[in-house]
Amino acid sequence: MEIMTEVVILGAGYAGLRALGVLQKSKEDIHVTLVDRNDYHYEAADLHEVAAGTQDQERILFDINDVVKNDKTTFIKGNVVNINREQKVVEVSDQPELHYDYLIVALGFVSESFGIPGVDENALSMVDVDQALNIRKHLEDQMAEYTRTQDEEHLKIIVCGMGFTGFELVGALVEAKPTLAKLAGVSPEKIKIVTVEASTHLLPMFPEKLADYGTKQLVAWGVEMLNGKMIKAIKPDTVVYQDSEDKNDLAEVTAKTIIWTTGVRGSKVMTDAGFAEKRGRVLVNKDLTDPDFSDVFIVGDVAAAMDEASGRPFPTTAQIALVMGHLAAENIIHKVNGEATKEFAFKSLGTVASIGNAHAFGLVGKTTVKGYLASVAKKGIMDKSLLETGGFKEVLSKGRFDFYH
Ligand SMILES: Cc1cc2nc3c(=O)[nH]c(=O)nc-3n(C[C@H](O)[C@H](O)[C@H](O)COP(=O)(O)OP(=O)(O)OC[C@H]3O[C@@H](n4cnc5c(N)ncnc54)[C@H](O)[C@@H]3O)c2cc1C
């Protein structure tokens, strides 16, 4: 009798679900156990819209059981707490230990405070659906508080960190201004958005002219940008930053809403389980295996795959997570069949940053796209992700062919 190969996938994000899709289609005798702390998959790249209230959470998530084939896969809802790679065992809270022949680690990202004091206590982060919903509720509560107190601090929002995530969040917040203003009973211009960012060179993934275009759009829409200002601490309702080259030259900006989008790192499980990680990311082999254990594949935001062209690891993106998940699953099938594994390669579909629902800018191939058409390109890229994790059923059920409604 042939022995079934047991593959355990940790994390049902972009990378984990893409791997699941490939393994479920394989003809080999493989059983998969998929573990996630939620019973739904969410599109992390759309969290900013849920936080700003411009998109309902139902539109960016679906039930994991919708994509699980019961004859091939067992789904376990639980929190992964440790991985013992010597024993080939995973510890999931309140569950029996899971044994594997091959493991795919796809646990994604968490917020990074860089040790800056007060971040965890005094700023809101946005790395999962609950946190995004918390931001939305917090904003609505502030509008209600304004009607009671008339204190304009409740109408102010500070976004810390203007990387890709911060940028897209600010775009969505600009779009949310009329709705928030209505709740507060004020005109939209009264809602103030301030950003604080250490760098003066924003969005380095784009040519400077294009990054400038995006920045100018936000400024034209009333966003106040404090660039080149290193954040030193977050105090209650206050961001403390260095105002000039002089380390002692500190200044403050205040608001009742402070959102932290300054950075992310890979899951803490990577550190706790003793992986050779740096900020939760492991520099993987070319076939995406762990440098220490060839039966462990590491994919998505917990992996750093070297880009030979730039000499630096590829960035952490949903697009790359999908390609990694696909390859890890294929490489497990190769290993099961005694074949050589394949190396990771990536060709970008394009990088497009949204500024609200109907405006965006970026690069598709080498072509610069801006405005409404760019937002169509962005939604096309996002729908491709949904297609690759959830399939046609999810794209249709989320109404995602209806781009603007
Ligand atoms: C606001 C925002 C906008 C973005 N925009 C873009 C964009 O436009 N384009 C792009 O390509 N990328 C974008 N990204 C980046 C992209 O979302 C990430 O690179 C991507 O989500 C990584 O995929 P992943 O599968 O590695 O992890 P994730 O999508 O983070 O999935 C990880 C999964 O693991 C589960 N999990 C985590 N820890 C545990 C645990 N201990 N136990 C059990 N389960 C656990 C989580 O519930 C989750 O389902 C954006 C990110 C953000 C936050």
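- Per an unreviewed UniProt entry, the chain carries the name FAD/NAD(P)-binding domain-containing protein and comes from Paucilactobacillus oligofermentans DSM 15707 = LMG 22743.
- The Sequence similarities (unreviewed entry) field of the UniProt record for the chain holds the comment "Belongs to the NADH dehydrogenase family."
- Looking at the Cofactor (unreviewed entry) heading of the UniProt record, one finds this comment for the chain: "FAD".

1. Brief notes about the packing of aromatic side chains
Alright, step 1. Counted under the stated rule, the structure contains 7 aromatic pairs.
Alright, step 2. Judged by centre distance (5.7 Å) and plane angle (70°), the rings of Phe-167 and Phe-361 are edge-to-face. You can see Phe-167 sitting in helix H5 (residues 164–184) and its partner Phe-361 sitting in strand E27 (residues 360–364), a full 194 residues away along the chain. There is no split in this pair, since Phe-167 and Phe-361 are both buried.
Alright, step 3. Ring geometry for Tyr-213 versus Phe-361: centroids 5.9 Å apart, planes at 70°, classification edge-to-face.

2. A short note on the site of the ligand
Alright, step 1. Around the ligand, the surrounding shell holds 32 residues, and the nearest of these are Asp-36, Val-80, Asp-301, Ala-318 and Lys-378.
Alright, step 2. The separation between an oxygen atom of the ligand and a polar main-chain atom of Tyr-14 is 3.1 Å.
Alright, step 3. Contacts to the ligand include Ala-45, whose backbone N or O atom sits 3.4 Å from an oxygen atom.
Alright, step 4. Where the shell around the ligand is concerned, the elements lending two or more residues are helix H1 (14–25), H5 and helix H8 (318–336).
Alright, step 5. Of the residues assigned to the shell around the ligand, the class counts are 15 nonpolar, 12 polar and 5 charged.
Alright, step 6. A domain split of the shell around the ligand shows at least three residues from each of domain 1 (5–111 + 265–346) and domain 2 (123–262).

3. A short note on the confidence of the model for the chain
Alright, step 1. When pLDDT is averaged along the chain, the result is 93; 96% of the residues meet or exceed 70.
Alright, step 2. Overall, residues 401–405 carries pLDDT values under 50, and its contacts beyond four positions in sequence, including any with other chains, amount to 17 contacts.

4. What about the packing of H5 against helix H6 (residues 208–220)?
Alright, step 1. Remark: H5 packs on H6, axes separated minimally by 11 Å, with the N-to-C direction vectors making an angle of 35°. Judged by the twist between their axes, the crossing of H5 over H6 is left-handed. Taken together, the residues of H6 that come into contact with H5 (itself represented by Phe-167, Val-170 and Gly-171) are Gly-214, Thr-215 and Leu-218.

5. Considering the sheet that holds strand E23 (residues 303–304)
Alright, step 1. Strand order in the open sheet formed by 3 strands is E20-E21-E23, and the pairing between neighbours is mixed. Every other strand in the sheet has two partners, leaving strand E20 (277–278) and E23 as the edge strands with one partner each.
Alright, step 2. Taken together, the 2 bridges between strand E21 (residues 281–283) and E23 define a ladder with parallel strand orientation. Bridge pairing links Val-282 to Ala-303 in E23.

Here is what the cut-offs are and how they apply
Residues numbered from 1 in each chain as written. Predicted model: local features only at pLDDT ≥ 70, side-chain atom pairs only at ≥ 80, totals over all residues. Heavy atoms only, no water. UniProt positions renumbered as here; feature names shortened; annotations may be inferred. Phe/Tyr/Trp six-rings, centres within 6.5 Å; stacked < 30°, edge-to-face > 60°. Helix = DSSP H or I, 4+ residues; strand = E, 2+ residues; numbered from the N terminus. Buried < 20%, exposed > 50% of the residue type's maximum accessible area, 1.4 Å probe, protein only. Near = heavy atom within 4 Å. Polar contact = N/O pair within 3.5 Å; in protein donor to acceptor, adjacent residues only side chain to side chain. Nonpolar A, V, L, I, M, F, W, Y, C, P; charged D, E, K, R; others polar. Domains from an automatic or database assignment. pLDDT = per-residue confidence, 0-100. Contact = heavy atoms within 4.5 Å. Axes fitted to C-alpha atoms, helices over the stretch in contact; angles between N-to-C directions. Left-handed = near helix turned anticlockwise from the far one by under 90°. Pairing = 2+ DSSP bridges.

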